[in-house]
Amino acid sequence: MPLEFEKPILELEKRIQELKETAKATGVDLEAEVRLLEERLARLKGEIYGNLTPWQRVQLARAQGRPTTLDVLEKAFQDFLELHGDRAFADDPAIVGGLAYLEGQKVVVVGHQKGRDTKENLQRNFGMPHPEGYRKAMRLMDLADRFGYPFLAFIDTPGAYPGVSAEERGQAWVIAQSIQRMSRLRVPTIALILGEGGSGGALAIGVANRVLILENAWYSVISPESCAAILWRDAKEAPKAAEALKLTAQDLLAQGVVDAIVPEPEGGAHKDPEGAIRNIKEALLKTLEELKGLSPEALYQDRYRRFRALGAYAES
Amino acid sequence: MALERLFRRKRPSGENRDVPELWTKCEGCGASLYKKELRENLLVCPKCGHHHRLPASERVAMLADPGTFQETTRLAPLDPLGFVDTKPYAERLRAYQGETGRKDAILGGTCAIGGVPAVLLVMDYAFAGGSMGSVVGEEIARGAEKAAAEGRALVIVAASGGARMQEAALSLMQMAKTVMSLDRLWERRLPYVSILTDPTTGGVTASFAALADVIFAEPGALIGFAGPRVIRQTIRQELPEGFQRAEFLLKHGMVDRVTDRRKLKAEVVRVLRHLHPGVPYAPGV
Ligand SMILES: [Zn+2]
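Residues numbered from 1 in each chain as written. Chains lettered and ligands numbered in written order. Predicted model: local features only at pLDDT ≥ 70, side-chain atom pairs only at ≥ 80, totals over all residues. Heavy atoms only, no water.

Observations regarding the coordination of the zinc ion
Residue and element names in this part refer to chain B.
Right, on to step 1. Distances from the zinc ion to its protein donors, Cys 26 (SG), Cys 29 (SG), Cys 45 (SG) and Cys 48 (SG), fall within 2.3 Å.
Right, on to step 2. Here the zinc ion binds four donor atoms, and the angle range of 104 to 113 degrees at the metal identifies the geometry as tetrahedral.
Right, on to step 3. Positions of the donor residues of the zinc ion, expressed as sequence spacing, correspond to C-x2-C-x15-C-x2-C.
Right, on to step 4. The exposure class assigned to Cys 29 is partly exposed, which follows from its relative accessible area of 40%. (Donors = N, O, S within 2.8 Å, 3.2 Å for Na, K, Ca; no water. Tetrahedral: all angles 85-135°; square planar, octahedral: opposite > 155°, others 65-115°. Buried < 20%, exposed > 50% of the residue type's maximum accessible area, 1.4 Å probe, protein only.)

This is the structure:
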């Protein structure tokens, strides 16, 4: 399903394609016409993709075909071996993780997992973890810490699951514990926001030495829809809320909430997932290199300072 | 003044006690209560035990030993994102400040609690629903660090709808900041007691409030991650009776004790005296 604002581009692309096919089938020279339309297409793309509103970016962050955690783990890493279960209650399919190599470096990885189609989305609860998911993440954090391997987390969730079962099993408690566990790791940690960074359910695996974000991903305290429902009393005002929340990659960089932006191919990561994953891999390798010289204690202190400094207030 | 006029106006909570009416209605059982009696019971209904919300300053008076509290909270909020919804955030802040006489949703300082040196931080639900933005996060982190530096216990009374929306991602980051600041207490082996009061939800429950050495909850307090309205929308059915109340959390293993407010200080003191390494054995204090 194309996004609403992509439609003029897709229509023009279709017309160019048709024109080329006509030229081929009839032998008529339409090269000038094609070139004209291609120029117009480039301008149109520049106008649309160069002026994306925050709400349009939120839609890109959710677009079907955007790389998920498992796509990244399978394509940017080698020998990903998934490990299951929280050793207490269940295996949560909304969070995946395990062992992998990144260009030969041993790492432990974890991430929210959305479905790639409706059926898988139902199975994975749309990437909204239960407490079990965070307990699995913590178990993998411990594993990384024990062996001294870097811990890499991929964030892509609308939020932790707001349901009866999740509350009964201590959703708030596991999120708090996961924040604490991750903040205390004595290994290099990187979090990368792939798509949606929804609230505490995202932060639970986001307390890293370096936080990276894909160009069109969002990260905030609440989704634009929920924010609009509360503050505007109408979820349909989500575009306004997306604007007000300053949740885009550029905004977050300015606030110091993220450390770097990973570029996406033109039109968004769903247009060229392979290209996006190449950029992700490059960014991860570069960031790991930056953290390489730090001792275990320095890694902890670096993380403490990073988060301790965030916030805006006046002394009085 | 005719007697019926005294009964006419239903007060929403105990927070308007300073108006010259002598009687109020219990929010739990509806009984007409003599205000002085209600106040003497720390706003707990003597008839049904309903715990009315206690203003932050009275919470301090209830927990701190008399004459020992010295306020340290001093930060004022900014509007880092220039947030505007149906009203500008800056305007909302001014209104809350006018109503509460406080700069932001937290009151804290140093004191003694049952003779144990402590940093006491109390969230103020009357200010923006006790929401945690940069000021609340920073005051909590500073409170934890001060407690660690001065060998004090940390006691935090939570009352909050969660992270403050108008500071967006910066509010979210306060969850990490507050959690990390607790490490300083861990390193010094100093106790941290969390008291969850009505209501405590969202990013406050899911950060520092859930990570105390000992967690108390007040009877009937609503405590959870997601709010009941959100959960109802998600599952599209009514929630079970007592869901997300303090007693439910005790049953599910999330809190140590559900304690009547009138006995709360005595129990907090017992915990602090037991855990604080600087306090000698003294049974029955
Ligand atoms: Zn009553």
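A short note on the layout of surface pockets
Right, on to step 1. The volume enclosed by the largest pocket comes to roughly 1,700 Å³.
Right, on to step 2. Lining the largest pocket are 50 residues, with Ile222(A), Ser226(A), Ile230(A), Arg229(B) and Val230(B) positioned closest to its centre.
Right, on to step 3. Elements with a contribution of two residues or more to the lining of the largest pocket: strand 5 (189–198), helix 9 (199–203) and helix 10 (224–231) of chain A together with helix 4 (89–100), strand 8 (192–200), helix 8 (202–205) and helix 9 (228–235) of chain B.
Right, on to step 4. A breakdown of the residues in the lining of the largest pocket according to their chemical character gives 22 nonpolar, 17 polar and 11 charged. (1 Å grid on protein atoms, 1.4 Å probe; cavity = no way out; pocket = protein on both sides within 12 Å on 5 of 7 lines; lining within 4 Å. Points joined across faces, edges and corners; volume = space filled by probe spheres on them. Helix = DSSP H or I, 4+ residues; strand = E, 2+ residues; numbered from the N terminus. Nonpolar A, V, L, I, M, F, W, Y, C, P; charged D, E, K, R; others polar.)

A word on the interface of chain A and chain B
Right, on to step 1. In this complex, chain A contributes 50 residues to the contact, which on the side of chain B involves 63 residues.
Right, on to step 2. For the pair chain A and chain B, the two sides together bury roughly 4,900 Å², of which 67% comes from carbon and sulfur.
Right, on to step 3. Per-residue buried area on chain A facing chain B is highest for Glu167(A), Trp173(A) and Arg308(A); these three make up 15% of the total on that side.
Right, on to step 4. Run the count over chain A and chain B and you get five salt bridges.
Right, on to step 5. Measuring nitrogen to oxygen at the nearest pair gives 2.8 Å for the salt bridge that ties Arg308(A) to Glu138(B).
Right, on to step 6. At the junction of chain A with chain B, the criterion picks out 20 residue pairs in polar contact (both at pLDDT 80 or more).
Right, on to step 7. Listed by contribution, the elements that provide at least two residues to the side of chain A that touches chain B are helix 7 (164–168), helix 8 (171–183), helix 9, strand 7 (218–220), helix 10, helix 12 (249–255), helix 14 (296–308) and strand 9 (313–314) of chain A.
Right, on to step 8. In terms of residues, the side of chain A that touches chain B owes the most to one element, helix 8 of chain A, which gives nine residues.
Right, on to step 9. In the side of chain A that touches chain B, the residues fall into 29 nonpolar, 13 polar and eight charged. (Contact = heavy atoms within 4.5 Å. Buried area = accessible area lost by both parts, 1.4 Å probe. Salt bridge = Lys/Arg side-chain N within 4 Å of Asp/Glu carboxyl O. Polar contact = N/O pair within 3.5 Å; in protein donor to acceptor, adjacent residues only side chain to side chain.)

Points about the side chain of Arg59(B)
Residues and elements named next belong to chain B.
Right, on to step 1. Structurally, the position occupied by Arg 59 is in helix 3 (residues 56–63).
Right, on to step 2. Relative accessible area serves as the criterion here: at 3%, Arg 59 is assigned to the buried category.
Right, on to step 3. Once you skip the residues sitting within four places of it in the chain, Arg 59 turns out to touch Leu 54, Val 122, Val 157, Thr 197, Glu 218, Arg 261 and Leu 264.

Details of a nonpolar patch on the surface
All names here are of chain B.
Right, on to step 1. Where nonpolar side chains cluster on the molecular surface, the patch consists of Leu 22, Trp 23 and Tyr 34 and spans about 270 Å² of accessible area.
Right, on to step 2. Relative to the helices and strands, Tyr 34 is located in strand 2 (residues 32–34).
Right, on to step 3. According to the relative accessible area criterion, Tyr 34 is partly exposed, its value standing at 36%. (Patch = residues over 30% accessible without salt bridge, like charges linked within 9 Å, V, L, I, M, F, W, Y side chains within 5 Å. Areas by Shrake-Rupley, 256 points an atom, 1.4 Å probe, with all protein chains shown as cover.)

Brief notes about the domain arrangement of chain A
Residues and elements named next belong to chain A.
Right, on to step 1. The domains assigned to chain A are domain 1 (4–51) and domain 2 (58–308).
Right, on to step 2. Measuring from the centre of the C-alpha atoms in domain 1 to the corresponding centre in domain 2 gives 37 Å.
Right, on to step 3. At the interface, five residues of domain 1 touch six residues of domain 2.
Right, on to step 4. Carbon and sulfur atoms make up 55% of the area that domain 1 and domain 2 hide from each other, which totals about 480 Å².
Right, on to step 5. Contact with domain 2 buries area across many residues of domain 1, yet Phe 5, Glu 6 and Tyr 49 alone supply 73% of it, more than any other trio.
Right, on to step 6. In this assembly, domain 1 and domain 2 are joined by two salt bridges.
Right, on to step 7. Our count for the domain 1 to domain 2 interface comes out at one residue pair in polar contact (both at pLDDT 80 or more). (Domains from an automatic or database assignment.)

Notes on the packing of helix 8 of chain A against helix 6 (residues 168–181) of chain B
Right, on to step 1. Where helix 8 of chain A contacts helix 6 of chain B, the two axes come as close as 9 Å, and the packing angle between them is 65 degrees. By the angle class used here, helix 8 of chain A and helix 6 of chain B are roughly perpendicular. Handedness of the crossing formed by helix 8 of chain A with helix 6 of chain B: right-handed. Between helix 8 of chain A and helix 6 of chain B, the residues in contact are Ile175(A), Ala176(A), Ile179(A), Gln180(A) and Ser183(A) and Met175(B), Ala176(B), Val179(B) and Met180(B), respectively.
Right, on to step 2. Residue composition of the contact of helix 8 of chain A with helix 6 of chain B, grouped by class: seven nonpolar, two polar and no charged. (Axes fitted to C-alpha atoms, helices over the stretch in contact; angles between N-to-C directions. Parallel < 35°, antiparallel > 145°, perpendicular 65-115°, else oblique. Left-handed = near helix turned anticlockwise from the far one by under 90°.)

Focus: the domain arrangement of chain B
All names here are of chain B.
Right, on to step 1. According to the domain assignment, chain B consists of domain 1 (1–52) and domain 2 (53–275).
Right, on to step 2. Relative placement of domain 1 and domain 2: their C-alpha centres are 26 Å apart.
Right, on to step 3. Contact residues are listed per partner, giving 10 residues for domain 1 and 12 residues for domain 2.
Right, on to step 4. Buried area between domain 1 and domain 2, both sides added, is near 1,000 Å², and the carbon and sulfur share of it is 55%.
Right, on to step 5. Inspection of the region where domain 1 meets domain 2 yields five residue pairs in polar contact (both at pLDDT 80 or more).
Right, on to step 6. Of the residues contributing to the side of domain 1 that touches domain 2, the split by class is five nonpolar, three polar and two charged.

Let's talk about the sheet that holds strand 5 (residues 106–113) of chain B
Residue and element names in this part refer to chain B.
Right, on to step 1. A sheet is described by the order of its strands in space; here seven strands give the open sequence 3-5-6-7-8-9-10, paired in mixed fashion. A strand with exactly one partner marks an edge of an open sheet, and here the two such strands are strand 3 (70–71) and strand 10 (257–258).
Right, on to step 2. In this sheet, strand 8 lies alongside strand 7 (residues 153–160) in parallel orientation, the contact comprising six bridges. Directly across from Ile 156, in strand 8, lies its bridge partner Ser 194.
Right, on to step 3. Sitting on the sheet, helix 5 (residues 134–150) is in contact with strand 5, strand 6 (116–123) and strand 7, with an inclination near 175 degrees to strand 6.
Right, on to step 4. In the packing of helix 11 (residues 261–275) onto the sheet, the strands contacted are strand 5, strand 6, strand 7, strand 8, strand 9 (214–217) and strand 10, and the crossing angle to strand 9 comes to about 180 degrees. (Pairing = 2+ DSSP bridges.)

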